[in-house]
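Breakdown of the fold
Next come the chains, spelled out residue by residue.
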Amino acid sequence: MIRRAIALLSLAVPVLLQAQDAQSNAAVRNAIDRIKADNAWTVQQQISICEIPAPPFKEERRAAEMKKRFEALGFRNVRIDSIGNVIAERPGTGGGPVVVIAAHLDTVFPEETDVRVQRTGTLLKGPGIGDDCRGLAVLLAVAKAMGAASVQTQGTIYFVANVGEEGPGNLRGVKHLFAKPPAAKIDYFISIDGTGLGLTSKAVGSNRYKVSFKGPGGHSYGAFGMPSPIHALGRAIAKISAIQVPRSPKTTFNVGIVEGGTSVNTISPLGSMEVDLRSESPEELAKVDAQFRKAVDEALAEENSRWPQSRVKVTVDVLSMGIRPAAAPPDSMRIIKTAQAAARALGFEAPGSASSTDANWPMSLGIQAITLDGGGNGQGAHSVSESYDDGDRGWMGPQWALLVLAMLAGVKPS
């Protein structure tokens, strides 16, 4: 089936395959077959990696283990950079593009979380088992198969296990990677994140803020008549909830965390909220951001004007918690067409979709980037009951990643 699909692919997208047609290469076919044969090994990698805690900003132990595993697969040039990214270099023969394939080390769970994985047949349960322990396992599976099959590429490939993809990390790993790249130029970036067989070709941008209304506070009876930070916060939330956003391009807002107050009979000195704004469109994200800021400013002014005799005023601080740029590359971009052609060769379709991943950053820089799912079926991401079911075709995720990687990097004719 693979050989037939490969033949069809070479007819369907000759402009992408060019002279170094990955689909007619015996070593690539061998590597694809090895991924299926080694599927049990890949799943075991996923389990054992996931049982190493990697909360935000504390990914060191998992990073050290990934470095050891890359070295065990024969990589000679494996390093951990100054921010914590693990970078394994697979040199090319020359003349080809530089391709990065990455998965993120960090999870959303605090350090004390029980990360033991429970297994029932093909079903795995554990925090982070899909997001993104699956991605890390795919990196190892692809690296192992390419090495065992002696796949030679013209372009150099960097396998990267990066820090800081999840919320508080604010993409710090990939930002550092592109600020101080391992090569003079990175031509293509592939992130492996999530489960299934989906393709992320567009970046959902997000702006996240912590808004803190502040005042002197006082007794609810004795100090009555002064503006209240919590009342100002309530006004702001009401105004945010009334913001109108378009359905297409999809644009959203949310107040996710609210804090403040010391007792029922205290005018609190603090009222704060954490706000998440998102859109597939940079323009719409800017619009909803402006509406959010207007809501905060109006709430502050209204609360202070409500108590004109007060000698004190409420103030507000708006702190950025993270900016992920939106981007909408054209569907004609080579990396997107290549991923879709590889999917067809393996027997499935992969229409592009929009999401928020490590690929946001290179997309915003104008670098060709996508995110591929890692195969299988995941449920409950970001919950302690997260699960991953490898099913009977989980190996197709790593196969897809390998095929896309080989096509982009260019393979030597067999």
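Conventions used here
Residues numbered from 1 in each chain as written. Predicted model: local features only at pLDDT ≥ 70, side-chain atom pairs only at ≥ 80, totals over all residues. Heavy atoms only, no water. Helix = DSSP H or I, 4+ residues; strand = E, 2+ residues; numbered from the N terminus. Buried < 20%, exposed > 50% of the residue type's maximum accessible area, 1.4 Å probe, protein only. Pairing = 2+ DSSP bridges. pLDDT = per-residue confidence, 0-100. Contact = heavy atoms within 4.5 Å. Expected span 1.5 Å × (residues − 1). Axes fitted to C-alpha atoms, helices over the stretch in contact; angles between N-to-C directions. Salt bridge = Lys/Arg side-chain N within 4 Å of Asp/Glu carboxyl O. Parallel < 35°, antiparallel > 145°, perpendicular 65-115°, else oblique. Left-handed = near helix turned anticlockwise from the far one by under 90°. Nonpolar A, V, L, I, M, F, W, Y, C, P; charged D, E, K, R; others polar. Core = buried A, V, L, I, M, F, W, Y, C linked by side-chain atoms within 4.5 Å.

Examining unusual backbone geometry
Cis geometry is found at the peptide bond from Asp131 to Asp132, where omega equals 10°. Following Ser248, the chain continues into Pro249 via a peptide bond in cis, with omega recorded as 0°. Tracing the backbone shows Pro249 in the loop between α8 (229-241) and β11 (251-260). One non-glycine residue, Phe57, lies in the positive phi region at around 70°. Tracing the backbone through its elements, the reader meets Phe57 in the loop between α4 (39-50) and α5 (60-72). Positioned with a positive phi, Ser150 is a non-glycine residue whose angle comes to about 55°. Its place among the elements puts Ser150 in the loop between α6 (133-148) and β6 (157-162). A residue is classified by how much of its surface remains accessible, and Ser150, at 52% relative accessible area, is exposed.

Section: the pairing of strand β3 (residues 99-104)
Among the 6 residues that make up β3, 6 are buried, leaving the element largely enclosed by the rest of the structure. Every second residue of β3 is oriented toward a common face, with Val99, Ile101 and Ala103 on one face and Val100, Ala102 and His104 on the other, all of them buried. Bridging between β3 and β6 involves 6 bridges; their strand directions are parallel. Bridge pairing in β6 links Ala102 to Val160. Looking at chain direction, β3 and strand β7 (residues 188-192) are connected through 4 bridges and run parallel. Among the inter-strand pairings, Ile101 is bridged to a residue of β7, identified as Ile190.

A few points about the confidence of the model for the protein chain
Predicted confidence across the protein chain gives a mean pLDDT of 94, with 94% of residues reaching 70 or more. Scored below 50 in pLDDT, residues 4-20 shows 23 contacts in the model against residues more than four places distant or in partner chains.

Focus: helix α9 (residues 282-306)
Relative to the 36 Å expected for 25 residues at 1.5 Å per residue, α9 spans 36 Å between its end C-alpha atoms, a close match to the ideal helical length. For α9, every residue scored as buried is listed here: Glu284, Leu285, Val288, Asp289, Phe292, Ala295, Val296, Ala299, Leu300, Glu303 and Asn304. On the buried face of α9, the contacting elements are β9 (205-214), α8, β11, β13 (270-279) and β14 (315-324).

Notes on the sheet that holds strand β8 (residues 199-203)
With mixed pairing, 8 strands are arranged side by side in an open sheet as β1-β2-β6-β3-β7-β16-β8-β15. Here the strands that pair on one side only, and so sit at the sheet edges, are β1 (78-80) and β15 (352-355). Neighbouring strand axes in the sheet, compared pairwise and without regard to direction, differ in orientation by 30° on average. Bridge count between strand β2 (residues 86-90) and β6: 5 bridges; the pairing is antiparallel. Each bridged residue has a counterpart across the sheet, and for Ala88 the counterpart in β6 is Phe159.

Observations regarding the pattern of salt bridges
Tallied over the entire structure, the rule returns 22 salt bridges. Arg235 serves as the salt-bridge partner of Glu303, at 2.9 Å between the closest nitrogen and oxygen. Linking Glu303 in helix α9 with Arg235 in helix α8, this pair joins segments that are 68 residues apart in sequence. Residue Asp289 is joined to Arg293 by a salt bridge in which the shortest nitrogen-to-oxygen separation is 2.9 Å. Taken as a pair, Asp289 and Arg293 lie in helix α9 at a separation of 4 residues, close to a single helical turn. According to the relative accessible area criterion, Asp289 is buried, its value standing at 10%. Assessed through its relative accessible area of 38%, Arg293 is described here as partly exposed. Three or more residues are tied together by salt bridges with common partners; here these are Arg235, Lys239, Lys294, Glu298, Glu302 and Glu303.

Description of the packing of α8 against α9
Between α8 and α9, the least distance of the axes is 8 Å, while the angle of their chain directions is 140°. Taken together, the axes of α8 and α9 are oblique relative to one another. In the packing of α8 onto α9, the handedness of the crossing is right-handed. Of the residues in α9, those in contact with His231, Ala232, Arg235, Ala236, Lys239 and Ile240 of α8 are Phe292, Ala295, Glu298, Ala299, Glu302, Glu303 and Arg306. A class-by-class count of the residues in the contact of α8 with α9 yields 6 nonpolar, 1 polar and 6 charged.

Concerning the nonpolar core
As a rule of thumb, nonpolar side chains are buried together in soluble globular proteins. Among the nonpolar cores identified, the biggest contains 61 residues, and Phe70, Phe159, Ile190, Leu372 and Trp400 are the most heavily contacted of them. Apart from the residues within four sequence positions on either side, Ile190 is in contact with Val99, Val100, Ile101, Ala102, Ile335, Ile370, Leu372, Val404, Leu405 and Leu408.

Considerations on the environment of Ala103
Tracing the backbone through its elements, the reader meets Ala103 in strand β3. The class for Ala103 is buried, based on a relative accessible area of 0%. Each C-alpha atom of the pair Ala103 and Pro182 lies 16 Å from the other, and the pair is 79 residues apart in sequence. Beyond its immediate stretch of four places on either side in the chain, Ala103 contacts Asp132, Gly135, Leu136, Leu139, Val160, Ala161, Asn162 and Ile192.

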